Amino acid sequence: MGDLAVGARSGHGPEEQPGRSDDAASPAVTDRVPEDGDAVERAPAGEAGSGSDEAASRQKKPRSFWKELPLLIIIALVLALVIKTFLVQAFSIPSASMENTLQIGDRVLVDKLTPWFGSEPERGEVIVFHDPDGWLEGEPTAEPNAVQQVLSWVGLMPSANEKDLIKRVVGVGGDTIECKGTGPLKVNGKALNEPYVYAGNTPCSADNAGGTFKVKVPDGKVWVMGDHRQDSADSRYHQNDANDGFVPVGNVVGRAIVVAWPPTHWSTLPVPDTFDQSGINAAASAAPGALGLAGAVPLVLWRRRKINQRLTDGNTRVSATGTAG
């Protein structure tokens, strides 16, 4: 391979200038590249550092915020849509049917996750559900503008779907619900203590339009009533519709779990203690009797078999004795 190539000095001859060394006088040094023999000039240290700093500066320069903003908006919209579809959705309260638990204009957050895992409404829960059969017919509906519709669709605003209702579940499949006169409301024969009912209202309504009733809830459906009993067109007043006033479980959007807005109304929406009282569960109350009967049948059959065997043995001995005598 070629020897190290040294660049020419500023002088005209090969003689060295006094007092100057080769290293100090040489502005640049070149190396010979082994592959092709061409010399590559090395830049002075100061110049090389300056070039690399400029390149690094260009590489590290952040992107403009305005260029990233559209991407951030798209990500936010996608996340909001996923949350609204699978996790939680906001709904606005348009009427007084759930006062004083919920006020007009309140925003509630509805759990949409648990129904994906097969969870069904339980007694005492406040639920949002799609109109079963024209319950909202004739009711005035809001007309959201295009922006409100889009924001509502992705979940950044409360739902603009005015075909949804919100009520409290009073009975589930297998329950017997009864109202006589002004109350109390009974579930499977157990009277409910309902402190959530609107002040001044009676638990039941003494009228001929549906306020007095006794119904058994079919499997796969629920019976709902508003907390403002004398101002709620709920299951009681739709007993002539296609579902006999019941709400199909498939129509349930989810359970309202918290009042999120306004901040002064913030509260959770738990199941009232009255729905936990002993004996209210029809299936549970029937279970001990069924289990007792199931346990008693084998015992009765065993005792009956022993009695028959004794009778047979006794008749054999009597017959034998008679024959011998």
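Residues numbered from 1 in each chain as written. Predicted model: local features only at pLDDT ≥ 70, side-chain atom pairs only at ≥ 80, totals over all residues. Heavy atoms only, no water.

Tell me about the environment of Leu-269, residues and numbers included.
One can find Leu-269 in the loop between strand E15 (267-268) and helix H5 (282-324). The buried category is assigned to Leu-269, whose relative accessible area is 7%. Along the backbone, Leu-269 and Val-258 are 11 residues apart, and their C-alpha atoms lie at a distance of 5.5 Å. Dropping the residues within four chain positions of it, Leu-269 is found in contact with Thr-101, Leu-102, Arg-255, Ala-256, Ile-257, Val-258 and Val-259. (Helix = DSSP H or I, 4+ residues; strand = E, 2+ residues; numbered from the N terminus. Buried < 20%, exposed > 50% of the residue type's maximum accessible area, 1.4 Å probe, protein only. Contact = heavy atoms within 4.5 Å.)

A description of the sheet that holds strand E10 (residues 190-191) should follow, citing residues and the corresponding values.
Strand order in the open sheet formed by four strands is E10-E9-E8-E11, and the pairing between neighbours is antiparallel. On the outer flanks of this sheet lie E10 and strand E11 (213-216), each paired with one strand and no other. Where strand E8 (residues 176-179) lies against E11, four bridges are found, and the strand directions are antiparallel. Each residue of the ladder has a partner; that of Ile-177, found in E11, is Val-215. (Pairing = 2+ DSSP bridges.)

Requested: an account of the nonpolar core, with residues and values cited.
Ranked by internal contacts, the top residues of the largest apolar core, which has 17 residues, are Val-170, Ile-177, Leu-185, Leu-192, Phe-213 and Trp-223. With near-sequence residues (within four places) excluded, Leu-192 lies in contact with Pro-184, Leu-185, Val-187, Thr-274, Phe-275, Gln-277 and Ile-280. Counting 13 residues, the second largest nonpolar core, distinct from the first, contains Phe-91, Met-98, Val-108 and Val-110. (Core = buried A, V, L, I, M, F, W, Y, C linked by side-chain atoms within 4.5 Å.)

Which residues make up the packing of aromatic side chains, and what are the values?
Inspection of the entire model under this criterion finds three aromatic pairs. With a centroid separation of 5.8 Å and an interplanar angle of 85°, the aromatic rings of Phe-129 and Trp-135 are classed as edge-to-face. Between Phe-213 and Trp-223, the ring centres sit 5.0 Å apart and the planes meet at 35°, which makes this aromatic pair tilted. Here Phe-213 is found in strand E11, whereas its partner Trp-223 is found in strand E12 (residues 221-225), with 10 residues between them in sequence. Per residue, the accessibility class of Phe-213 equals that of Trp-223, and both read buried. Here Arg-168 stacks its cationic end above the ring of Tyr-196, 4.1 Å away from the centre of that ring. (Phe/Tyr/Trp six-rings, centres within 6.5 Å; stacked < 30°, edge-to-face > 60°. Lys NZ or Arg CZ within 6 Å of the ring centre and 35° of its normal.)

I'd love a proper account of the state of the cysteines, names of residues and values included.
For the structure on display, the rule yields one disulfide. Cys-179 shares a disulfide with Cys-204; S-S distance 1.9 Å. One quick way to see it: the torsion about the S-S bond of Cys-179 and Cys-204 is about -70°, and its sign makes the bridge left-handed. With a gap of 25 residues between them, Cys-179 in strand E8 and Cys-204 in the loop between E10 and E11 connect regions that are remote in the sequence. The pair formed by Cys-179 and Cys-204 is uniform in burial state, with each residue classed as buried. (Disulfide = S-S within 2.5 Å.)

Talk me through the pairing of E8; I want residue IDs and the actual numbers.
Of the pairings in the sheet, the one linking E8 to strand E9 (residues 186-187) comprises two bridges and is antiparallel in character. Looking at E9, one finds that Ile-177 is bridged to Val-187. Linkage of E8 to E9, two consecutive antiparallel strands, is achieved through a turn of six residues, within which Gly-181 is found at a positive phi near 60°.

Residue-level account of the pattern of salt bridges, with values.
Tallying each qualifying case throughout the model produces six salt bridges. Ionic pairing is found between Asp-227 and Arg-168, a salt bridge with its closest N-O pair at 2.8 Å. Of this pair, Asp-227 sits in the loop between E12 and strand E13 (247-248) while Arg-168 is found in strand E7 (residues 164-171), placing the two residues 59 residues apart along the sequence. Arg-229 serves as the salt-bridge partner of Glu-194, at 2.7 Å between the closest nitrogen and oxygen. (Salt bridge = Lys/Arg side-chain N within 4 Å of Asp/Glu carboxyl O.)

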